[in-house]
Amino acid sequence: ADVLLNDALTAAQRVGSLGYEAEITLKRADMASRRGQTDQAIQLLGTAAGLAHQAGGNQILADIALSLASINRKLGRLDDAETALSEGIAAAREVGGHLMLSRMLAAYADLKSARHEYAAAGQLLEQANDILEGVLTKTSSPWVRSRVIGSMDQVFLARLRLEAAVGRSPARAFAIVEEARGRS
(Lines give C-alpha, C1' and ligand atoms only; values in the text may rest on other atoms or scores of the structure.)
Protein backbone atom coordinates (compact mmCIF):
# COMPACT_ATOMS: atom_id res chain seq x y z
CA ALA A 1 0.00 0.00 0.00
CA ASP A 2 2.91 2.35 0.76
CA VAL A 3 4.33 1.88 -2.73
CA LEU A 4 0.96 2.57 -4.32
CA LEU A 5 0.43 5.72 -2.26
CA ASN A 6 3.96 6.94 -2.99
CA ASP A 7 3.39 6.39 -6.72
CA ALA A 8 0.07 8.25 -6.53
CA LEU A 9 1.72 11.08 -4.59
CA THR A 10 4.46 11.37 -7.21
CA ALA A 11 1.84 11.53 -9.97
CA ALA A 12 -0.12 14.21 -8.09
CA GLN A 13 3.05 16.23 -7.54
CA ARG A 14 3.97 15.92 -11.21
CA VAL A 15 0.71 17.59 -12.28
CA GLY A 16 0.64 20.03 -9.35
CA SER A 17 -2.58 18.74 -7.82
CA LEU A 18 -2.30 20.03 -4.26
CA GLY A 19 -5.70 18.69 -3.22
CA TYR A 20 -4.81 15.15 -4.24
CA GLU A 21 -1.40 15.52 -2.60
CA ALA A 22 -3.13 16.50 0.63
CA GLU A 23 -5.56 13.56 0.46
CA ILE A 24 -2.81 11.04 -0.29
CA THR A 25 -0.64 12.44 2.49
CA LEU A 26 -3.62 12.14 4.85
CA LYS A 27 -3.96 8.45 3.88
CA ARG A 28 -0.24 7.94 4.52
CA ALA A 29 -0.67 9.58 7.94
CA ASP A 30 -3.61 7.30 8.76
CA MET A 31 -1.51 4.28 7.83
CA ALA A 32 1.40 5.49 9.98
CA SER A 33 -1.00 6.02 12.89
CA ARG A 34 -2.39 2.50 12.54
CA ARG A 35 1.17 1.15 12.63
CA GLY A 36 1.78 3.06 15.86
CA GLN A 37 4.13 5.57 14.23
CA THR A 38 2.49 8.58 15.83
CA ASP A 39 5.38 11.01 15.32
CA GLN A 40 5.43 10.23 11.60
CA ALA A 41 1.63 10.46 11.45
CA ILE A 42 1.65 13.90 13.09
CA GLN A 43 4.39 15.10 10.72
CA LEU A 44 2.44 13.82 7.70
CA LEU A 45 -0.75 15.45 8.94
CA GLY A 46 1.11 18.77 9.20
CA THR A 47 2.30 18.35 5.62
CA ALA A 48 -1.21 17.43 4.48
CA ALA A 49 -2.65 20.48 6.24
CA GLY A 50 -0.17 22.77 4.51
CA LEU A 51 -1.07 21.29 1.13
CA ALA A 52 -4.80 21.54 1.87
CA HIS A 53 -4.41 25.21 2.89
CA GLN A 54 -2.61 25.94 -0.38
CA ALA A 55 -5.33 24.13 -2.34
CA GLY A 56 -8.14 25.85 -0.43
CA GLY A 57 -9.51 22.46 0.59
CA ASN A 58 -11.57 23.00 3.72
CA GLN A 59 -13.17 19.55 3.53
CA ILE A 60 -9.79 17.84 3.63
CA LEU A 61 -8.66 20.26 6.37
CA ALA A 62 -11.59 19.09 8.48
CA ASP A 63 -10.63 15.44 7.88
CA ILE A 64 -7.01 16.21 8.81
CA ALA A 65 -8.11 18.01 11.96
CA LEU A 66 -10.22 15.03 13.04
CA SER A 67 -7.29 12.65 12.56
CA LEU A 68 -4.87 14.97 14.34
CA ALA A 69 -7.26 15.45 17.25
CA SER A 70 -7.71 11.70 17.59
CA ILE A 71 -3.95 11.08 17.73
CA ASN A 72 -3.35 13.92 20.17
CA ARG A 73 -6.16 12.75 22.43
CA LYS A 74 -4.70 9.23 22.54
CA LEU A 75 -1.35 10.77 23.49
CA GLY A 76 -3.00 12.80 26.27
CA ARG A 77 -2.33 16.09 24.50
CA LEU A 78 -5.79 17.47 25.12
CA ASP A 79 -4.88 21.10 24.36
CA ASP A 80 -3.48 20.08 20.96
CA ALA A 81 -6.56 17.95 20.30
CA GLU A 82 -8.81 20.88 21.16
CA THR A 83 -6.87 23.21 18.86
CA ALA A 84 -7.16 20.72 15.99
CA LEU A 85 -10.90 20.28 16.55
CA SER A 86 -11.49 24.03 16.72
CA GLU A 87 -9.68 24.51 13.41
CA GLY A 88 -11.56 21.58 11.87
CA ILE A 89 -14.91 22.90 13.02
CA ALA A 90 -14.11 26.28 11.45
CA ALA A 91 -13.15 24.56 8.17
CA ALA A 92 -16.29 22.40 8.19
CA ARG A 93 -18.47 25.45 8.84
CA GLU A 94 -16.81 27.35 6.00
CA VAL A 95 -17.38 24.58 3.48
CA GLY A 96 -20.91 23.88 4.75
CA GLY A 97 -20.14 20.23 5.46
CA HIS A 98 -23.02 19.37 7.76
CA LEU A 99 -22.14 15.71 8.23
CA MET A 100 -18.47 16.46 8.88
CA LEU A 101 -19.40 19.31 11.20
CA SER A 102 -21.66 17.05 13.26
CA ARG A 103 -18.87 14.44 13.54
CA MET A 104 -16.42 17.12 14.64
CA LEU A 105 -18.84 18.54 17.19
CA ALA A 106 -19.37 15.03 18.60
CA ALA A 107 -15.59 14.52 18.85
CA TYR A 108 -15.25 17.93 20.52
CA ALA A 109 -18.01 17.00 22.95
CA ASP A 110 -16.15 13.80 23.85
CA LEU A 111 -13.05 15.89 24.51
CA LYS A 112 -15.00 18.35 26.66
CA SER A 113 -16.48 15.42 28.57
CA ALA A 114 -12.99 14.00 29.17
CA ARG A 115 -12.13 17.37 30.71
CA HIS A 116 -15.26 17.17 32.89
CA GLU A 117 -16.81 20.13 31.03
CA TYR A 118 -20.16 18.38 30.81
CA ALA A 119 -22.35 21.41 30.13
CA ALA A 120 -20.18 22.43 27.16
CA ALA A 121 -20.20 18.84 25.91
CA GLY A 122 -24.00 18.75 26.09
CA GLN A 123 -24.29 22.01 24.14
CA LEU A 124 -21.97 20.71 21.41
CA LEU A 125 -24.00 17.53 21.09
CA GLU A 126 -27.20 19.54 20.92
CA GLN A 127 -25.71 21.59 18.05
CA ALA A 128 -24.65 18.41 16.25
CA ASN A 129 -28.08 16.87 16.69
CA ASP A 130 -29.84 20.03 15.46
CA ILE A 131 -27.66 20.12 12.34
CA LEU A 132 -28.39 16.48 11.53
CA GLU A 133 -32.12 16.82 12.22
CA GLY A 134 -32.19 19.79 9.84
CA VAL A 135 -30.45 17.86 7.08
CA LEU A 136 -32.66 14.82 7.65
CA THR A 137 -35.88 16.82 7.35
CA LYS A 138 -34.73 18.51 4.12
CA THR A 139 -33.72 15.41 2.18
CA SER A 140 -35.66 12.64 0.55
CA SER A 141 -32.72 10.77 -0.98
CA PRO A 142 -32.32 7.34 0.64
CA TRP A 143 -28.55 7.53 0.19
CA VAL A 144 -28.27 10.93 1.91
CA ARG A 145 -30.68 9.83 4.65
CA SER A 146 -28.53 6.76 5.36
CA ARG A 147 -25.41 8.94 5.60
CA VAL A 148 -27.18 11.34 7.97
CA ILE A 149 -28.38 8.48 10.15
CA GLY A 150 -24.82 7.12 10.18
CA SER A 151 -23.59 10.47 11.46
CA MET A 152 -26.41 10.51 14.00
CA ASP A 153 -25.07 7.24 15.38
CA GLN A 154 -21.82 9.00 16.28
CA VAL A 155 -23.72 11.78 18.00
CA PHE A 156 -25.92 9.33 19.91
CA LEU A 157 -22.85 7.37 21.05
CA ALA A 158 -21.25 10.59 22.24
CA ARG A 159 -24.46 11.43 24.12
CA LEU A 160 -24.39 8.00 25.78
CA ARG A 161 -20.75 8.45 26.79
CA LEU A 162 -21.62 11.86 28.24
CA GLU A 163 -24.52 10.41 30.24
CA ALA A 164 -22.23 7.66 31.55
CA ALA A 165 -19.58 10.22 32.53
CA VAL A 166 -22.07 12.44 34.31
CA GLY A 167 -23.61 9.45 36.06
CA ARG A 168 -27.21 10.48 35.67
CA SER A 169 -30.05 8.05 35.88
CA PRO A 170 -30.18 5.00 33.61
CA ALA A 171 -33.56 6.29 32.42
CA ARG A 172 -31.82 9.17 30.59
CA ALA A 173 -29.46 6.75 28.85
CA PHE A 174 -32.41 4.54 27.95
CA ALA A 175 -34.21 7.56 26.43
CA ILE A 176 -31.16 8.23 24.21
CA VAL A 177 -31.12 4.60 23.08
CA GLU A 178 -34.85 4.72 22.32
CA GLU A 179 -34.42 7.92 20.33
CA ALA A 180 -31.64 6.30 18.28
CA ARG A 181 -33.71 3.16 17.78
CA GLY A 182 -36.60 5.27 16.48
CA ARG A 183 -34.28 6.63 13.73
CA SER A 184 -33.22 3.21 12.44
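Just so it is clear, the model here is predicted, and its values are computed rather than measured.

Undergrad: I keep staring at the side chain of N58 and nothing clicks. Help me out?
TA: Tracing the chain through its elements places N58 in helix 4 (residues 58-74). We classify N58 as buried; its relative accessible area is 17%. Here the side chain of N58 touches E94 through a polar contact of 3.1 Å, side chain to side chain.

Undergrad: Teacher, can you tell me more about the pattern of salt bridges here?
TA: As a working rule, side chains carrying opposite charge can pair if their charged atoms are close by. Summed over all chains, the structure comprises six salt bridges. K112 serves as the salt-bridge partner of E82, at 3.1 Å between the closest nitrogen and oxygen. Of the two residues, E82 sits in helix 5 (residues 78-95) while K112 sits in helix 6 (residues 98-114), which places them 30 residues apart along the sequence. Both residues of the pair, E82 and K112, belong to the buried class. Residue E82 pairs with R115 through a salt bridge whose shortest N-O separation is 2.5 Å. Of this pair, E82 sits in helix 5 while R115 sits in the loop between helix 6 and helix 7 (118-138), and the two are 33 residues apart along the sequence. On the accessibility criterion, E82 (15% relative accessible area) is buried. A residue is classified by how much of its surface remains accessible, and R115, at 24% relative accessible area, is partly exposed. One continuous salt-bridge network, built from bridges that share partners, spans D79, E82, K112, R115 and E117.

Undergrad: Can you help me understand the packing of helix 6 against helix 7 in this one?
TA: Helix-helix packing is described using two parameters, namely the angle between the two axes and the distance between the axes. At a minimum axis separation of 8 Å, helix 6 and helix 7 run at an interaxial angle of 165°. Of the possible angle classes, the one that applies to helix 6 and helix 7 is roughly antiparallel. The hand of the helix 6/helix 7 crossing is left-handed. Across from H98, L99, L101, S102, L105, A106, Y108, A109, K112 and S113 in helix 6, the residues of helix 7 making contact are Y118, A120, A121, L124, L125, Q127, A128, I131, L132 and V135. Class assignment of the residues belonging to the contact of helix 6 with helix 7 gives a composition of 15 nonpolar, four polar and one charged.

Undergrad: What exactly am I supposed to notice about the side chain of N72 here?
TA: Tracing the chain through its elements places N72 in helix 4. What N72 contacts, discounting residues up to four positions off in sequence, is I42, R77, D80 and A81.

Undergrad: Even after reading the chapter, I still don't get helix 1 (residues 2-15), so can you show me in this structure?
TA: Because each turn of an α-helix spans 3.6 residues, side chains separated by three or four positions end up pointing in the same direction. The first and last C-alpha atoms of helix 1 sit 20 Å apart over 14 residues, in line with the 20 Å expected at 1.5 Å per residue. Every buried residue of helix 1 is accounted for by L5, L9 and A12. When helix 1 is viewed along its axis, its buried side chains cluster within an angular range of 65° and face the same direction. Opposite the packed face of helix 1, turned more than 90 degrees from it, sit the exposed residues V3, L4, R14 and V15. Structurally, helix 1 contributes buried residues whose contacts are with helix 2 (18-34). Positioned one or two residues after helix 1, G16 has a phi angle of 70°, which is positive.

Undergrad: Looking at this structure, how should I read the nonpolar core?
TA: Nonpolar side chains tend toward joint burial in soluble globular proteins. With 48 residues, the main nonpolar core has I64, L85, M104, L105, L125 and V148 as its most contacted residues. Put simply, the parts of the chain that give this core at least two residues each are helix 2, helix 3 (38-55), helix 4, helix 5, helix 6, helix 7 and helix 8 (142-166). Tallying contributions element by element places helix 6 first for this core, with nine residues. Residues in contact with L125, not counting those within four places in the same chain, are A106, A109, V155, A158, R159 and L162.

Undergrad: Would you mind showing me how to read unusual backbone geometry here?
TA: Trans is the common state for peptide bonds, and a negative phi is the common state for residues other than glycine. Positioned with a positive phi, H116 is a non-glycine residue whose angle comes to about 65°. Structurally, H116 can be placed in the loop between helix 6 and helix 7.

Reading the values: rules and limits
- Residues numbered from 1 in each chain as written.
- Predicted model: local features only at pLDDT ≥ 70, side-chain atom pairs only at ≥ 80, totals over all residues.
- Heavy atoms only, no water.
- Helix = DSSP H or I, 4+ residues; strand = E, 2+ residues; numbered from the N terminus.
- Buried < 20%, exposed > 50% of the residue type's maximum accessible area, 1.4 Å probe, protein only.
- Polar contact = N/O pair within 3.5 Å; in protein donor to acceptor, adjacent residues only side chain to side chain.
- Salt bridge = Lys/Arg side-chain N within 4 Å of Asp/Glu carboxyl O.
- Axes fitted to C-alpha atoms, helices over the stretch in contact; angles between N-to-C directions.
- Parallel < 35°, antiparallel > 145°, perpendicular 65-115°, else oblique.
- Left-handed = near helix turned anticlockwise from the far one by under 90°.
- Contact = heavy atoms within 4.5 Å.
- Nonpolar A, V, L, I, M, F, W, Y, C, P; charged D, E, K, R; others polar.
- Expected span 1.5 Å × (residues − 1).
- Arc of directions from axis to C-beta.
- Core = buried A, V, L, I, M, F, W, Y, C linked by side-chain atoms within 4.5 Å.

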